[in-house]
Structures are given as structure tokens and as C-alpha cells.
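Each chain, written out:
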Amino acid sequence: MKPLNCLIIDDEPIAREGIADYCKEISFLNIVGLCKNVLQANHYLQTHQIDLIFLDINMPIVSGIDWLKDLKNSPSIVMTTAYEEYALESFRYNVLDYLIKPISFERFLQAVNKVNNYHIGTTENKALFVKCEKQLKKLLINDILFIEAMQNYIKVVTITETIITHMPLKNFKDQLPKDNFIQTHKSYIVSKYKVDKIVENQIIIGAYEIPISVRLKKIVLKNFI
């Protein structure tokens, strides 16, 4: 798949450059332009194919929200703002994620993984990029067996390898297709299509035994009965 062409719109130079630096670390993002206002952005939209816009809200001339309201056939949008109060309104306008400044790289990566999978479309081809050993590693969603939380880290066990990454379990869960994965325990999420059998309070995937908590057992069983 070709990289996603990105446009960054923010009136603050430091904020524009910060998002641009993050984009440069990710292979599926291609920066087409950096704009200090939406008037500049209109020019890029008329002359370039744009797949993704990183959009600030509080800008001079026209705010990001007001511009978005009138934008026809808009690309995918990720809001990058210091204002939490516009989140609900933003999601009415094709916004895929809403990032609050200051934006960590981990949170940025979560957002662009969501956008990338939205553009890919099929579960078989979907992938996440996770930070592992000071590099970004591509992880095919269809290869995941289960995920285990370990304090501030998670262990992702796939059909070929085990990856350790610094991320809360909930953040990783939010990036997974909800129909494909089940939380069986506060510390475990499994791919329901990789389950071999359920024995009492355990899910068996190959040689792995994953616990099912009492609280979640009824919910887990409903996915198989």
C-alpha cells in the first residue's frame, strides 16, 4: 500500500514541526505540506491528493472546527489541539482521532495506526506499528494470538514471535477490531479465532493457557456459544 499523504495545519511553528518529526518516523506517512492556517490548506487540497490531515482548532482567520464543517469530501482527520471541549463536536465531521497537546509519540502512533487500518479496510491486511527495542515494528493483526499486560508493558504473542512494548493494555485494545478480540481477564486479551478450546476457567491456544476471570466468564462464553 502506498504511504498516506499528510497535511499538517497549525498556526504554531513548533507544533507543526513536532507533528512533522513524528510523521518522519513512520513509514506509511508522507508529509505533503505544513500550513499555518486553513487558507494555505485549501491550496494544497486543490493541487494534491491528501489522505490525512492533522488539524489544530484554535487558529486565526478560521478555526479548525469551522473549516471542517464546510469541508466537502474531506480526507481523514486527526485533531491536534490543547482544547478538550471540542472532542464530541469534532467526531461529527469525519474525525478519526482527537489528540490533546502535548502529544506523546505513543499516543500519536495509536492514532495513525487507526487511520492506516481505516484506509486498508480488510482485517487480513491490517497492521499496527509498535515501539519495540528502540524501533517501530510492524505487527499484523491477523497474526496475534493473545496480549498480556505486565505492569506498564504489554506482551503481544503472535504465531511467529513475542513482542514487548511500553503501552497500557487499554490503549492497545482500542486499536484492535472489536469483533476479533475478547478480553478474558484484566490482564489478557485473546483473538477468538485462534482459540483451540475452553477448559473450565482457561482458554487454550496451542501450548498457551490464558485465564478467564470469574467476572468476565459469561461474556467470554457468549462469543462461542
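Here the structure is a predicted model, which means the values were calculated and not measured.

Moving on, we come to the side chain of N37. Tracing the chain through its elements places N37 in the loop between β2 (29-35) and α2 (38-47). Among the polar contacts listed, one links the side chain of N37 to the backbone nitrogen of L39, at a separation of 3.1 Å. With sequence-adjacent residues up to four places away left out, N37 is seen in contact with I9, M59 and I61.

A full pass over the atoms with the stated rule returns eight aromatic pairs. Relative to Y208, the ring of F146 has its centre 5.0 Å away and its plane inclined at 70°; by these criteria the two rings are edge-to-face. Here F146 is found in strand β8 (residues 144-150), whereas its partner Y208 is found in strand β15 (residues 208-211), with 62 residues between them in sequence. Classification of F146 as buried rests on a relative accessible area of 4%. Residue Y208 is classed as partly exposed on the basis of its relative accessible area of 35%. A connected cluster of aromatic rings, assembled from ring pairs, spans Y22, F54, F105 and F108.

Next up on the list: the pairing of strand β14 (residues 202-205). As defined by bridge partners, strand β13 (residues 197-199) adjoins β14 across three bridges and the pair is classed as antiparallel. When the sheet's bridge partners are listed, K197 is paired in β14 with I204. Where β13 folds back onto β14 in an antiparallel hairpin, the turn is made up of two residues, including E200, whose phi is positive at roughly 55°. Counted between consecutive antiparallel strands, the loop separating β14 from β15 contains two residues, among which G206 sits at a positive phi close to 60°.

Here the focus is the sheet that holds strand β11 (residues 181-185). The strand order β10-β9-β8-β12-β11 describes an open sheet built from five strands, whose pairing is antiparallel. Where the open sheet ends on each side, the last strands, each with one partner, are β10 (162-166) and β11. When the angles between neighbouring strand axes are averaged without regard to direction, this sheet yields 20°. Direction of pairing for β8 relative to strand β9 (residues 153-158): antiparallel, over a ladder of six bridges. From the neighbouring strand, F146 faces β9, where its bridge partner is V157.

What follows concerns the nonpolar core. Ranked by size, the top nonpolar core spans 22 residues in total, and within it I26, L29, F54, F108 and V112 carry the most contacts. Elements supplying a minimum of two residues to this core: β1 (4-9), α1 (13-24), β3 (52-55), β5 (95-100) and α5 (105-120). Among the elements that line this core, the one with the most residues is α5, at six residues. Apart from residues lying up to four places away in sequence, V112 is in contact with I26, F28, L29 and F54. Membership of the second largest hydrophobic core comes to 19 residues, among which are I50, I53, L55 and Y98.

Cut-offs applied
- Residues numbered from 1 in each chain as written.
- Predicted model: local features only at pLDDT ≥ 70, side-chain atom pairs only at ≥ 80, totals over all residues.
- Heavy atoms only, no water.
- Helix = DSSP H or I, 4+ residues; strand = E, 2+ residues; numbered from the N terminus.
- Polar contact = N/O pair within 3.5 Å; in protein donor to acceptor, adjacent residues only side chain to side chain.
- Contact = heavy atoms within 4.5 Å.
- Phe/Tyr/Trp six-rings, centres within 6.5 Å; stacked < 30°, edge-to-face > 60°.
- Buried < 20%, exposed > 50% of the residue type's maximum accessible area, 1.4 Å probe, protein only.
- Pairing = 2+ DSSP bridges.
- Axes fitted to C-alpha atoms, helices over the stretch in contact; angles between N-to-C directions.
- Core = buried A, V, L, I, M, F, W, Y, C linked by side-chain atoms within 4.5 Å.

So yeah, pure geometry; function would need other evidence.
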